[in-house]
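Below, each chain spelled out in residue letters.
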Amino acid sequence: MDFGLVLQTDPPAAAVVDLMRRAEQRGFRYGWTFDSAVLWQEPFVIHSRILDHTDHLIVGPMVTNPGTRTWEVTASTFATLNEMYGNRTVCGIGRGDSAMRVAGRAPNTLARLGRSIDVIRDLAEGREAEIDGRPLRLPWVSDGRLPVWMGAYGPKALAMAGAKADGFILQLADPFLTEWMVKAVRAAAADAGRDPDAVTVCVAAPAYVTDGTAAGLAHAREQCRWFGGMVGNHVADLVSRYGENSDLVPEELTAYIKERQGYDYAHHGRSGNPDTAFVPDSVIDRFCLLGPVEAHLEKLESLRALGVDQFAVYAMHDAREAVIDAYGEHVIPALGAAG
């Protein structure tokens, strides 16, 4: 299993770079950042700095979208980073939540997202692609490689991830839901004539290592409660599309948002988010990795058995360095790709 670190690009950018360097030194193979240019600093500028200050770390957004950036610019950005640093990028992409809604726009349609996956990958790897009816190619690209991983929750998005994407990003760590969604992605890949095992599966969620006491667990839950609210935005979209009691979406995913009242993106992805009081402790325990190291190892082993290739640690809490170090000392040696 590979391990990644996910950060917001809050200023100072140098702190983000330092944490990514620390992660690489502890055995993490991937460095991810949010991409919402209004809420945080521009990620691709910081990606360049991260790549320059690390040796092997693979870097990308979790996730960008096909609406706030034109597709040829996205492809050119990745291709430039790859030319400079040797194909060390990955494009995480989705419909767009915070980036689109903060700017007053609706998230992109799945049809638009699907077209963008093909175009961005083709352009970044030096092939011709069509944008708005016009064929384009980046003539300077040579030996480029850009895996495109898609974030998804609902049945149509899961099917698209299996049919088109090189990887599938699932932003929660509940084993039941992971099994259901991974099976859906693998089945869609097979239906599209692809090798289902060739689709990389990345689970991303907050991880907080505690001392095993009740007080420590309670603190960890409060630090990570924001995550249930972030996931709840996507779940609310699913409920709007498929209804509250749809056979297409598991109740284990949708039931907890019934008390959800609203959401202010000014607090998006931050501990202490006042809009996440509706998230119960049981959801935090299911969606996140909390507790002593042994609890993390147990849950990660179950996720690995379900086909998860990477666990990406959301470190938006008050123990970022501590969780990086704990994973580097105890978790990665036990479960890492070389272990």
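Residue indices begin from 1 for each chain and proceed along its sequence in written order. This being a predicted model, a pLDDT of at least 70 is required before a residue's local features are given, and a value of 80 or more before pairs of side-chain atoms are given or counted; all residues contribute to the totals for chains, interfaces and linings. Derived side-chain values reflect all non-hydrogen atoms in the structure, with water molecules and hydrogen atoms excluded from consideration.

- Identification of the protein chain as TIGR03842 family LLM class F420-dependent oxidoreductase from Streptantibioticus silvisoli is taken from an unreviewed UniProt entry.

1. Looking at the overall build of the protein chain
- Scanning the protein chain for helices and strands turns up 12 helices and 11 strands.
- Taken against the 2.2 N^0.38 rule, which gives 20 Å for 339 residues, the C-alpha radius of gyration of the protein chain at 19 Å falls within 12% of a compact globule.
- Along the longest, intermediate and shortest principal axes, the C-alpha atoms of the protein chain span 60 × 45 × 40 Å.
- Across the 339 residues of the protein chain, 55% fall into the buried class.
- Throughout, a residue-residue contact means that at least one pair of heavy atoms, one from each residue, lies within 4.5 Å. A fraction of 74% describes how many contacts in the protein chain between residues 6 or more apart in sequence connect residues 24 or more apart. Here a strand is any run of E in DSSP of at least two residues, a helix any run of H or I of at least four, and the numbering for each starts at the N terminus. Radius of gyration: over C-alpha atoms. The globule rule applied is 2.2 Å multiplied by the number of residues raised to the 0.38 power. The buried label goes to any residue with under 20% of its type's maximum accessible area, the exposed label to any with over 50%, and the partly exposed label to all in between, with areas taken from a 1.4 Å probe on protein chains only.

2. With respect to the side chain of Arg186
- Position of Arg186 among the secondary structure elements: in helix 7 (residues 175–191).
- Of the side chains with opposite charge, Asp197 comes closest to the buried, unpaired Arg186, at an N-O distance of 4.2 Å.
- Of the polar contacts made by the side chain of Arg186, one reaches the backbone oxygen of Val199; its length is 2.7 Å. Two residue types count as positive, namely Lys and Arg, and two as negative, namely Asp and Glu; His and chain ends fall outside the count. Here, a salt bridge means any Lys or Arg side-chain nitrogen found within 4 Å of an Asp or Glu carboxyl oxygen. Polar contact is the term for a pair of N or O atoms within 3.5 Å; when the atoms are in protein, one must be able to donate a hydrogen and the other to accept it, and sequence-neighboring residues count only if both atoms are side-chain atoms.

3. Some remarks on helix 3 (residues 71–85)
- Here the expected span of a helix is defined as 1.5 Å times the quantity of residues minus one. In this model, helix 3 (15 residues) spans 21 Å end to end at C-alpha, consistent with the 21 Å of a helix rising 1.5 Å per residue.
- For helix 3, the set of buried residues is Trp71, Thr74, Ala75, Phe78, Ala79, Leu81, Asn82 and Tyr85. Seen from one end, helix 3 has its buried residues packed into an arc of 160 degrees, which puts them on one side.
- In the stretch just after helix 3, Gly86 is the one whose phi turns positive, near 85 degrees. Directions drawn from the helix axis to the C-beta atoms are what define this arc.

4. Thoughts on the pattern of salt bridges
- Considering all chains together, one arrives at 16 salt bridges under this definition.
- Notably, a salt bridge pairs Arg69 with Glu42, separated by 3.1 Å at the nearest N-O pair. Here Arg69, found in the loop between strand 3 (58–61) and helix 3, pairs with Glu42, found in the loop between strand 2 (30–33) and helix 2 (43–52); they are 27 residues apart in sequence, far enough to count as distant.
- Between Asp118 and Arg121 there is a salt bridge, and its shortest N-O distance comes to 3.7 Å. Linking Asp118 with Arg121, this pair stays in helix 5 (residues 110–124), spanning three residues, or about one helical turn.
- What emerges from the salt-bridge pattern is a single network uniting Arg221, Glu222, Arg225, Asp281 and Asp285.

5. Observations concerning unusual backbone geometry
- Residue Pro11 is joined to Pro12 through a cis peptide bond whose omega torsion reads 0 degrees.
- Considering the arrangement of structural elements, one finds Pro12 in the loop between strand 1 (2–7) and helix 1 (13–25).
- Cis geometry is found at the peptide bond from Met62 to Val63, where omega equals 0 degrees.
- Looking at the element boundaries, Val63 is found in the loop between strand 3 and helix 3.
- With a phi close to 55 degrees, Asp132 is a non-glycine residue in the positive phi region.
- Tracing the backbone through its elements, the reader meets Asp132 in the loop between strand 5 (129–131) and strand 6 (134–136).
- Given the relative accessible area of 80%, Asp132 is considered exposed.

6. Comments concerning the environment of Asp55
- You can see Asp55 is positioned in the loop between helix 2 and strand 3.
- The spatial distance from the C-alpha of Asp55 to the C-alpha of Asp275 is 39 Å, given a sequence separation of 220 residues.
- Those residues within four positions of Asp55 in sequence are excluded, and the remaining contacts are Glu24 and Arg88.

7. A few points about the environment of Leu7
- In this fold, Leu7 is placed in strand 1.
- Considered as a pair, Leu7 and Pro61 are 54 residues apart in the sequence and their alpha carbons are 9.6 Å apart.
- Those residues in contact with Leu7 that lie beyond four places of it in its chain are Val16, Leu19, Met20, Trp32, Thr33, Phe34, Ala315, Met316 and Arg320.

8. Let's talk about the pairing of strand 1
- Counting buried residues in strand 1 gives six out of six residues, a clear majority hidden from the surface.
- Here strand 1 shows a buried face lined by Asp2, Gly4 and Val6 and a second buried face lined by Phe3, Leu5 and Leu7.
- Across five bridges, the pairing between strand 1 and strand 11 (residues 310–314) is parallel. Looking at strand 11, one finds that Phe3 is bridged to Phe311.
- Note on the crossover from strand 1 through helix 1 to strand 2: the handedness is right-handed. A pair of strands counts as paired when DSSP detects no fewer than two bridges linking them. Think of it like this: strands point away, you trace from the first strand over the helix to the second, and a clockwise trace means the crossover is right-handed.

9. Notes on the packing of aromatic side chains
- In summary, the pairing rule links any two rings of Phe, Tyr or Trp, Trp by its six-membered ring, whose centres are within 6.5 Å, and it sorts them by plane angle into stacked for under 30 degrees, edge-to-face for over 60 and tilted for everything else. In the structure shown here, the tally under the stated rule is 11 aromatic pairs.
- With centroids separated by 5.6 Å and ring planes inclined at 85 degrees, the aromatic side chains of Trp226 and Phe227 adopt a geometry described as edge-to-face.
- Judged by its relative accessible area of 1%, Trp226 falls in the buried class.
- Taken together through their ring pairs, the aromatic side chains of Phe34, Trp40, Trp226, Phe227 and Tyr314 make up a single cluster.

10. Remarks on the packing of helix 1 against helix 12 (residues 320–335)
- Remark: helix 1 packs on helix 12, axes separated minimally by 9 Å, with the N-to-C direction vectors making an angle of 15 degrees. The angle between the axes of helix 1 and helix 12 places the two elements in the roughly parallel class. As for how helix 1 packs across helix 12, the hand of that crossing is right-handed. On helix 12, the residues that touch Leu19, Arg22 and Ala23 of helix 1 are Arg320, Glu321, Ile324 and Asp325.
- Counted by class, the contact of helix 1 with helix 12 contains three nonpolar, no polar and four charged residues. In this description, a line fitted to the C-alpha atoms serves as the axis of each element, helices being fitted only across the stretch in contact, and the angle between N-to-C directions of two axes falls anywhere from 0 to 180 degrees. To sort the angles, those under 35 degrees are grouped as roughly parallel, those over 145 as roughly antiparallel, those from 65 to 115 as roughly perpendicular, and the leftovers as oblique. The hand of a helix crossing depends on one turn: near helix anticlockwise from the far one by less than a right angle means left-handed, and clockwise means right-handed. Each residue gets one label: Ala, Val, Leu, Ile, Met, Phe, Trp, Tyr, Cys and Pro are nonpolar, Asp, Glu, Lys and Arg are charged, and the others, such as Gly, are polar.

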